[in-house]
Amino acid sequence: MDSLYDLSNLDNTSGREFEEFTIKLFEKLGYSATVTNRSKKYGCDMMLQQSNFRIAVQTTRSESELTFTSVQRVLDSSRKYNSQMSVVITNNKFLSSAKNLAKITNVVLIDRKKLLELIDLSNLPVNENKDFVQFCKNVKNELIKQDTDKEILKFLGLDTPKVDHSLLTKNSFDRITPLNNKKEKLFYIFKKIRGDDDLSVNQDVLFDFMEKYPLLFGTREESEEFLLNMIKQFVIFKPKQNYYNLV
C-alpha cells in the first residue's frame, strides 16, 4: 500500500525541523527521545528509551546519499551510551560504503522508502501493535533476503541485465507501449549514467538520454510530466534541485 505521506515536505526542512519530526514520530511509537548531539544544518544524534531498552539513533536530512560516516557516528553514540540497538535514519538513501559497514556492525539503515513505512507505522491507531524493534528486524531481514537472491541469480547466471533493443512506444497496431516498459527504460538510463554507483543524476543529463528515445518518452515536456508521475508513484525522487535518484 502506498504511503499517504509526502516526503518532499521533509526534503525542504532544516536539520532542526527534521530532528523535531523524528522525535514526534518516536513518541508516537512509545519512546522518549533525548538529543545527545546536534548538527545545526543536517540532523542530530538521539537516544531512545523504552523501559530499560535503549536505541541509538542518528538522523540526517540530506540532499545527497549518506556515506559510511553516518554509520560510524551512530556506533560512537551507541558505545558511549551503551545502547542495545543502533539506527540511522535519512530522507535520502545510503551509498554502498554505508550499507557494507552497517552489515558487519549490525546497524539498521532506514532510507527514504523505509522512512515512509515507519511513518505509516507511527500513524497506526493506539490499540495497534507499533513495534519499532520488530520493524528494524524486518528491515534487516529484507536486506539479507536481497543479498541471498542476488547470490542465487549470480550462481544461476541470471544476474546479467536484460537488454531492451526497442526504441518504440507503439507496436504494429499503433498501440501505446505499457507504462512498465517506460519504467524499465528509465531504470536502464539511470544505470547507464551512473554505473554501479548509487548517485543522483543531473536533470539535463537525464533529459539528454531520454531524448534518445523520442518515441518512448516524447518531447521534453512529456518527459518532465512522466518524471513527475514517477515521483508521485515513489519510483524516483529529487534529493536536491535539478537532480533525480531512484527510490
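Our subject is the structure that appears above.
Treat the numbers as computed from the prediction; the structure is a model and nothing was measured.

**Q** Can you walk me through the overall build of the protein in this structure?
**A** Looking only at helices and strands, the protein has 10 helices and 8 strands in total. Going through the 247 residues of the protein one by one, you find that 42% of them count as buried. Just so you have it, the protein exposes about 14700 Å², and 51% of that area is on carbon and sulfur atoms.

**Q** How should the pattern of salt bridges be read in this particular structure?
**A** Side chains that differ in charge, positive against negative, can pair when their charged atoms come close. Overall, the coordinates contain 8 salt bridges when judged by the stated rule. Of the charged contacts in the structure, one is a salt bridge between R73 and D45, with a shortest N-O distance of 3.3 Å. Of this pair, R73 sits in helix 3 (residues 69-81) while D45 sits in strand 2 (residues 43-50), and the two are 28 residues apart along the sequence. You can call D45 buried: its relative accessible area is 6%. Linking E224 and R220 is a salt bridge whose minimum nitrogen-to-oxygen distance equals 3.5 Å. Of this pair, E224 and R220 both sit in helix 10 (residues 220-232), separated by 4 residues, roughly a single helical turn. Since its relative accessible area comes to 37%, E224 is described here as partly exposed. Connected via shared salt-bridge partners are K114, E117 and E142.

**Q** In this structure, what is going on with the sheet that holds strand 7 (residues 236-237)? I would like to understand it.
**A** One key point about sheets: their strands pair by backbone hydrogen bonds, in either a parallel or an antiparallel sense. Pairing is antiparallel in the open sheet, where 3 strands are placed in the order 6-8-7. Of all the strands in the sheet, just strand 6 (201-202) and strand 7 have a single pairing partner and so form its edges.

**Q** Is there a simple way to explain helix 5 (residues 112-122) in this structure?
**A** At 3.6 residues per turn, the α-helix brings residues three or four places apart onto the same side. Burial analysis of helix 5 places 8 of its 11 residues in the buried class, which makes it a mostly covered element. Listing the buried residues of helix 5 in full gives R112, K114, L115, L116, L118, I119, L121 and S122.

**Q** Before we go on, may I ask you to explain helix 3 in this structure?
**A** With 13 residues, helix 3 should reach 18 Å at 1.5 Å per residue; the first-to-last C-alpha distance of 19 Å fits that figure. With its phi angle positive at about 55°, N82 sits one or two positions after the end of helix 3.

**Q** Help me understand the environment of N92, please; the structure alone is not making it clear to me.
**A** Mapped onto the fold, N92 is located in the loop between strand 4 (85-90) and helix 4 (96-105). A relative accessible area of 1% places N92 in the buried class. Expressed as a C-alpha distance, the spacing of N92 and V247, which sit 155 residues apart in the sequence, is 8.5 Å. If sequence neighbours within four positions are ignored, N92 has contacts with S62, E63, S64, E65, D111, R112, F237 and P239. A polar side-chain atom of N92 sits 3.3 Å from the main-chain carbonyl oxygen of S62.

**Q** Before we go on, may I ask you to explain the nonpolar core in this structure?
**A** One recurring pattern in soluble globular proteins is that nonpolar side chains are buried together. Residues F26, I55, V87, I110, L115, L118 and F132 are the most contacted members of the largest nonpolar core, which totals 28 residues. Counting only elements with at least two residues in this core, the list comes to helix 2 (15-28), strand 2, strand 3 (53-60), strand 4, strand 5 (108-110), helix 5 and helix 6 (132-155). Setting aside anything within four residues of it in sequence, one finds F132 in contact with F26, L29, Y31, L48, I55, V87, I110 and L118. V201, M210, L227 and Y244 belong to the second largest nonpolar core, which has 18 residues in total.

**Q** Just to check I follow, could you spell out the pairing of strand 4 for this structure?
**A** On a regular strand, one side chain projects to one face of the sheet and the next to the other, so that they alternate. Most of strand 4 is tucked away: 6 of the 6 residues are buried. Side chains M85, V87 and I89 project from strand 4 onto one buried face, and the interleaved S86, V88 and T90 project onto a second face that is buried too. Alignment of strand 3 against strand 4, held across 6 bridges, turns out to be parallel. The residue of strand 4 that forms the bridge with A56 is S86. Following the backbone out of strand 3, through helix 3 and into the adjacent parallel strand 4, one traces a crossover that is right-handed. In terms of strand pairing, strand 4 meets strand 5 through 3 bridges, oriented parallel.

Thresholds applied
Residues numbered from 1 in each chain as written. Predicted model: local features only at pLDDT ≥ 70, side-chain atom pairs only at ≥ 80, totals over all residues. Heavy atoms only, no water. Helix = DSSP H or I, 4+ residues; strand = E, 2+ residues; numbered from the N terminus. Buried < 20%, exposed > 50% of the residue type's maximum accessible area, 1.4 Å probe, protein only. Areas by Shrake-Rupley, 256 points an atom, 1.4 Å probe, with all protein chains shown as cover. Salt bridge = Lys/Arg side-chain N within 4 Å of Asp/Glu carboxyl O. Pairing = 2+ DSSP bridges. Expected span 1.5 Å × (residues − 1). Contact = heavy atoms within 4.5 Å. Polar contact = N/O pair within 3.5 Å; in protein donor to acceptor, adjacent residues only side chain to side chain. Core = buried A, V, L, I, M, F, W, Y, C linked by side-chain atoms within 4.5 Å. Right-handed = clockwise from strand over helix to strand, strands pointing away.

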